[in-house]
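Residue-level structure breakdown
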Amino acid sequence: MAEQTIADFWFDPACPYTWITSRWMLEVEKVRPVTVRWHVMSLSVLNEGRDDDPEGDPEGYLWVPVRICVAAERRYGQQALARLYTALGNRFHVGSADWHALPDALSDAGLPPELAEVGMSTDHDDAVRASHAEGIGLIGDHVGTPVISVAGADGKRISFFGPVVSRIPRGEQAGRLWDGTLLVAGVPGFHELKGTPHEEPVFDDLE
């Protein structure tokens, strides 16, 4: 039996492309000896101090879901965070709800809906920043969400941004994309690889 690989995955729940990449990782778990370990990163933290606002969030509302995600993991553990991330994506990316439905997403994940209240508090901001710094520190602040990191065959970390996909690869296609991404990202000196321009995320092929 192949040794299990831990894939650390940093995400901001507000990004629809990141959520699609996370669903790809769930497919990878089915066809490769990979287990995903989820972590929060924050586009709000990433873009602090910038003159422009690439996320169009002048009120700072993108802090709310990451605070809730961090609080969920600290109180209820890694599996709770995984369930919550799935519920958030189903509500807000697939279902096009707005962030006022956060209590509903918490209920979907089997978590107390009143946990949504921590989103308006700064109590967990240090934890958000620490988690974000851990992920972005593996690759640099020139990238966004997601960041994925695994231990390579030589024990060194292989860390990369993306891959950014607009459709969820499934089955062996998901496995091949994983194999290829690790191959490319593991080459010494590798920096960047891009494909065609973005298309809108496709959610209608979800199982």
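Let us look at the structure shown here. (Residues numbered from 1 in each chain as written. Predicted model: local features only at pLDDT ≥ 70, side-chain atom pairs only at ≥ 80, totals over all residues. Heavy atoms only, no water.)

Observations regarding the sheet that holds strand β1 (residues 5–11)
Rules: By the convention used here, strands pair only if DSSP detects at least 2 bridges between them. Counting from the N terminus, the helices are the DSSP runs of H or I reaching at least four residues and the strands are the DSSP runs of E reaching at least two. Axis definition: a line fitted to C-alpha atoms, limited for helices to the stretch in contact. Angles are taken between N-to-C directions and run from 0 to 180 degrees.
Pairing is mixed in the open sheet, where four strands are placed in the order β2-β1-β3-β4. Two strands bound the open sheet, and with one partner strand each, they are β2 (34–40) and β4 (157–161). Strand-to-strand twist of the sheet, defined as the mean angle between neighbouring strand axes without regard to direction, takes the value 20°.

Brief notes about a nonpolar patch on the surface
Formally: Like-charged residues within 9 Å of one another, or nonpolar side chains (Val, Leu, Ile, Met, Phe, Trp, Tyr) within 5 Å, are grouped into patches, provided each residue has over 30% relative accessible area and no salt bridge. The protein chains shown are the only cover counted for residues, whose accessible areas, like all others here, come from Shrake-Rupley with a 1.4 Å probe. Salt bridge criterion: a side-chain nitrogen from Lys or Arg within 4 Å of a carboxyl oxygen from Asp or Glu.
A surface patch of nonpolar side chains, about 470 Å² in accessible area, is lined by L183, V184, V187, F190 and L193. Position of L183 among the secondary structure elements: in helix α7 (residues 171–185).

Quick look at the environment of H93
Let me state the cut-off plainly: Burial classification: accessible surface area is computed with a 1.4 Å probe over protein chains only, and a residue below 20% of its type maximum counts as buried, one above 50% as exposed, and the rest as partly exposed. For this analysis, residues touch if any pair of their heavy atoms sits within 4.5 Å. In the analysis that follows, any N or O atom pair within 3.5 Å is treated as a polar contact, provided that within protein one partner can donate a hydrogen and the other can accept it, and provided that, for residues neighboring in sequence, both atoms belong to side chains.
The topology assignment puts H93 in helix α4 (residues 78–94). Owing to a relative accessible area of 10%, H93 belongs among the buried residues under this scheme. The spacing of H93 and V202 is 109 residues in sequence and 9.8 Å in space, taken between C-alpha atoms. Excluding residues within four positions of it along the chain, H93 makes contact with P13, A14, C15, P16, W19, L88 and F203. In this structure the side chain of H93 is engaged in a polar contact, spanning 2.9 Å, whose partner is the backbone oxygen of P13.

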